[in-house]
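# Structural overview
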Amino acid sequence: MYGERRPEFDPDQVVQNLRQSWDGIRSRLPGGGSRLFILGLIVVALALWLGTGFYTVQPSEQAALRLFGAFRGTEDEGLHWYPPTPIGTVDVVSVDETQRMELGFRTSAGGVTTDEAVESRMITGDLNIVAIDLVVQYRIKDLGAFLFNVADPGDPARPNAVEGHPDGRTLKDAAEAALRQVVGQRSIDDPLRVGREAVQADTQALLQEIVDDYNAGIEILNVQLQEVQPPDQVRDAFDDVNRARVDRESRINESLAYEQDRLPRARGSAEQVTQAAQAFKDARIARAQGEAAEFTAVFTEYAQSQEVTRTRLFLEAIEDILPGVTLFILDDSTGGALPLLPLTEGVLPSVAGPAAAGAGNGS
């Protein structure tokens, strides 16, 4: 037939070739060839049967070994031999592959998604109805327990759920029970918005506890909430609430942005005022210290020669005061006031007559 692949090792062909060879040998023997022929066939058949006991385990696989139907252990990667059927049986299974189970919906091979309302609808802790789609990722952690501890009827909707393995109806029912218990203890806001991570974590922990109680040999790697929808009758109201929450968060973010913009400016202005005040403080302190040092120096000189220092201070004070004072000299002989010559200026005004002489005498 076209497309039929012939096996690399054909036992019937080998037996036929051996029989033809034996017929040739027996024709040359004087007698007793039939018994030797039968014995030869038995030896060849035994060798062929023993040869079927060799098997190979890939790095991501494990082999479960059974002897007369009883589980005897597992073998890891490599080439091994085990008594073949009907004495022994070897089941080679991929244990490192991450497998997926869908709850509340099904995805066909063509990518078409169909809803499973019976699985997805549940009641929350505040007595609301919500539809939740869930994806469970898992792998085999104990091959012997996975193959022989749970008698599962399988799930026809999932090709990878084989009858007798616990990842069929057993895993699906356990995931549904765990999700319903977790959601039933929370308000509808948790799976919808604010508590999705907590719902996923609690569901994963509870599901792992359930499959461990069954000793199913399954490790739950991840639980992810997919689409979470409120009932159709109140979906518009929930959408309005979600939009209001989005608007609130937007306003909060705008306020935080305004705060982050204004606070640095206010801190900068405050720092500038603080630095100016500190500079003014330092200047006044330095000035006061200088004046105090000057006074101390003058007082030291005054203590050493009081009369001289007193005279010098008097003269310095007069020197500071007189330039801004206009002096008049009264002379009884003239009957009037004579102005004092502006000695502090560089040019002397011309004074004629007796007034000049009187002024010279007065000075």
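Refer to the structure printed above.
Residues numbered from 1 in each chain as written. Predicted model: local features only at pLDDT ≥ 70, side-chain atom pairs only at ≥ 80, totals over all residues. Heavy atoms only, no water.

### Focus on the packing of helix H8 (residues 235–304) against helix H9 (residues 306–321)
Helix-helix packing is characterised by the crossing angle of the two axes and by the distance between the axes. Between H8 and H9, the shortest axis-to-axis distance is 5 Å and the interhelical angle comes to 130°. Considering their axes alone, H8 and H9 lie oblique with respect to each other. Contact residues: H8 offers Val298, Glu301, Tyr302, Ala303 and Gln304, while H9 offers Gln306, Thr309, Arg310 and Leu313. (Axes fitted to C-alpha atoms, helices over the stretch in contact; angles between N-to-C directions. Helix = DSSP H or I, 4+ residues; strand = E, 2+ residues; numbered from the N terminus. Parallel < 35°, antiparallel > 145°, perpendicular 65-115°, else oblique. Contact = heavy atoms within 4.5 Å.)

### Regarding the nonpolar core
Counting residues in hydrophobic clusters, the biggest one holds 37 residues, and the most contacted among them are Ile132, Val136, Leu179, Leu207 and Ile220. Within the residue set of this core, elements represented by two or more residues are strand S6 (99–103), strand S10 (129–140), helix H4 (143–148), helix H5 (169–183), helix H7 (196–214) and strand S11 (218–229). Broken down by element, this core gets its largest block of residues, seven residues, from H5. Tyr55, Val57, Ala63 and Tyr82 belong to the second largest nonpolar core, which has five residues in total. (Core = buried A, V, L, I, M, F, W, Y, C linked by side-chain atoms within 4.5 Å. Buried < 20%, exposed > 50% of the residue type's maximum accessible area, 1.4 Å probe, protein only.)

### Focus: the pairing of strand S2 (residues 61–67)
Relative to strand S5 (residues 88–94), S2 runs antiparallel, the two sharing seven bridges. Of the residues in S5, the one forming a bridge with Gln62 is Val93. Pairing geometry for S2 and strand S3 (residues 70–75), over five bridges, is antiparallel. By the bridge assignment, Leu67 is partnered in S3 with Ala70. The antiparallel hairpin formed by S2 and S3 contains two residues in its connecting segment, where Phe68 sits at a positive phi of about 55°. (Pairing = 2+ DSSP bridges.)

### Some thoughts on the pairing of S6
Among the five residues that make up S6, four are buried, leaving the element largely enclosed by the rest of the structure. Note that S6 and S10 share five bridges and pair antiparallel. Across the sheet, the residue bridging to Met101 is Val136, located in S10.

### With respect to the pattern of salt bridges
If you walk through the whole model with that rule in mind, you get 15 salt bridges. Between Arg186 and Asp190 there is a salt bridge; the shortest N-O distance is 3.8 Å. Here Arg186 falls in the buried class, since its relative accessible area comes to 19%. The closest approach of N and O atoms between Arg243 and Asp240, which form a salt bridge, is 2.1 Å. Taken together, the positions of Arg243 and Asp240, both in helix H8 and three residues apart, correspond to about one turn of that helix. Connected through shared salt-bridge partners, Arg106, Glu119, Arg169, Lys172 and Asp173 make up one network. (Salt bridge = Lys/Arg side-chain N within 4 Å of Asp/Glu carboxyl O.)

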